[in-house]
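# Observations on the model geometry
Chain residues, written in single-letter form:
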Amino acid sequence: IGSNVPALVKHLAGEFPGVRFALDQYHAAYFVRDFPRGLRELIRDGSIHELKMPIQSGCERVLKAMNRVTNLAKLAEYVQEAAALDPDLLFVTHVITGFPTETEAEFRESVAYVKRVFTHNALVYVFPCSVHPATPAAGLEPRVPYEEAIRRARDAEAAFRQAGMDVCLDQLDAIRAQTYEALSEAHAATIVDILFTADRQWAAPISDGGAGGPRPF
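Residues numbered from 1 in each chain as written. Predicted model: local features only at pLDDT ≥ 70, side-chain atom pairs only at ≥ 80, totals over all residues. Heavy atoms only, no water.

### A look at the overall build of the protein
- The secondary structure content of the protein amounts to 8 helices and 7 strands.
- For the protein, with 217 residues in total, the buried portion stands at 48%.
- Restricting the contact set of the protein to residue pairs at least 6 apart, pairs at least 24 apart contribute 76%. (Helix = DSSP H or I, 4+ residues; strand = E, 2+ residues; numbered from the N terminus. Buried < 20%, exposed > 50% of the residue type's maximum accessible area, 1.4 Å probe, protein only. Contact = heavy atoms within 4.5 Å.)

Structure representation (structure tokens):
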């Protein structure tokens, strides 16, 4: 419709009363941009059922290395406000451990950020970083050994579970996560998933599934 995400959702909600929406693979920077531009009101009135918003890291420097610049302070403020506006709102996010140049201290900073911000109806996918050789990340040094990335992923999983969060780390957890999301849908009317890609967004029934996991680096 030549406008923005909140306007799109508002338009669809008007065309299809009773439908709720899941914003899938919604970049955290877009959420920060859109929240004060109409998304806040859509969350307040219950039009948004779920925010699938991969943040990848809670450390500003690592996000810059990933080329995923996000205002983490604003993100925290808006996520917590959104949770207060709609107690039934679901949050799904991704965290990557062991991205090239990530230090132990930065990993701990990332875990602490996620624990502090995503405290409400949150499901966290944790991925040890596996660098694709044809991506810019392959040229970043020092590299974090994959075994260390796995160790950090396990530590993050334990920290999130201890904080009472739902976590998906391995294949068994993926099955549990699918059950979690299926059960959450039972509490809603019809849910439509809006999937965001690099240059476009697609609207489809959530039962059709969608792209899972982070993009390769």
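### Focus on the packing of helix α5 (residues 72–85) against helix α6 (residues 104–117)
- With their axes 10 Å apart at the nearest point, α5 and α6 run at an angle of 25° to one another. Classified by the interaxial angle, the pair formed by α5 and α6 is roughly parallel. Contacts from L72, L75, A76, V79 and Q80 in α5 reach Y113, R116 and V117 in α6.
- Of the residues that constitute the contact of α5 with α6, the class distribution is 6 nonpolar, 1 polar and 1 charged. (Axes fitted to C-alpha atoms, helices over the stretch in contact; angles between N-to-C directions. Parallel < 35°, antiparallel > 145°, perpendicular 65-115°, else oblique. Nonpolar A, V, L, I, M, F, W, Y, C, P; charged D, E, K, R; others polar.)

### What about empty space enclosed by the protein?
- Counted according to the given criterion, the structure contains 1 cavity of 30 Å³ or more.
- As a volume, the largest cavity reaches approximately 30 Å³.
- Lining the largest cavity are V79, Q80, A83, F91, V117, F118, T119 and H120.
- Among the elements that take part in the lining of the largest cavity, α5 stands out by supplying 3 residues, more than any other. (1 Å grid on protein atoms, 1.4 Å probe; cavity = no way out; pocket = protein on both sides within 12 Å on 5 of 7 lines; lining within 4 Å. Points joined across faces, edges and corners; volume = space filled by probe spheres on them.)

### Description of the pattern of salt bridges
- Tallying each qualifying case throughout the model produces 18 salt bridges.
- The closest approach of N and O atoms between K52 and D24, which form a salt bridge, is 3.8 Å. With K52 in strand β2 (residues 48–52) and D24 in strand β1 (residues 20–24), this residue pair connects regions lying 28 residues apart in the sequence. Like K52, the residue D24 is buried in the burial classification.
- As a salt-bridge pair, R37 and D34 come within 3.8 Å of each other at their nearest N and O atoms.
- The structure contains a network of salt bridges with shared partners spanning E102, E104, R108, E148, R151, R152 and D155. (Salt bridge = Lys/Arg side-chain N within 4 Å of Asp/Glu carboxyl O.)

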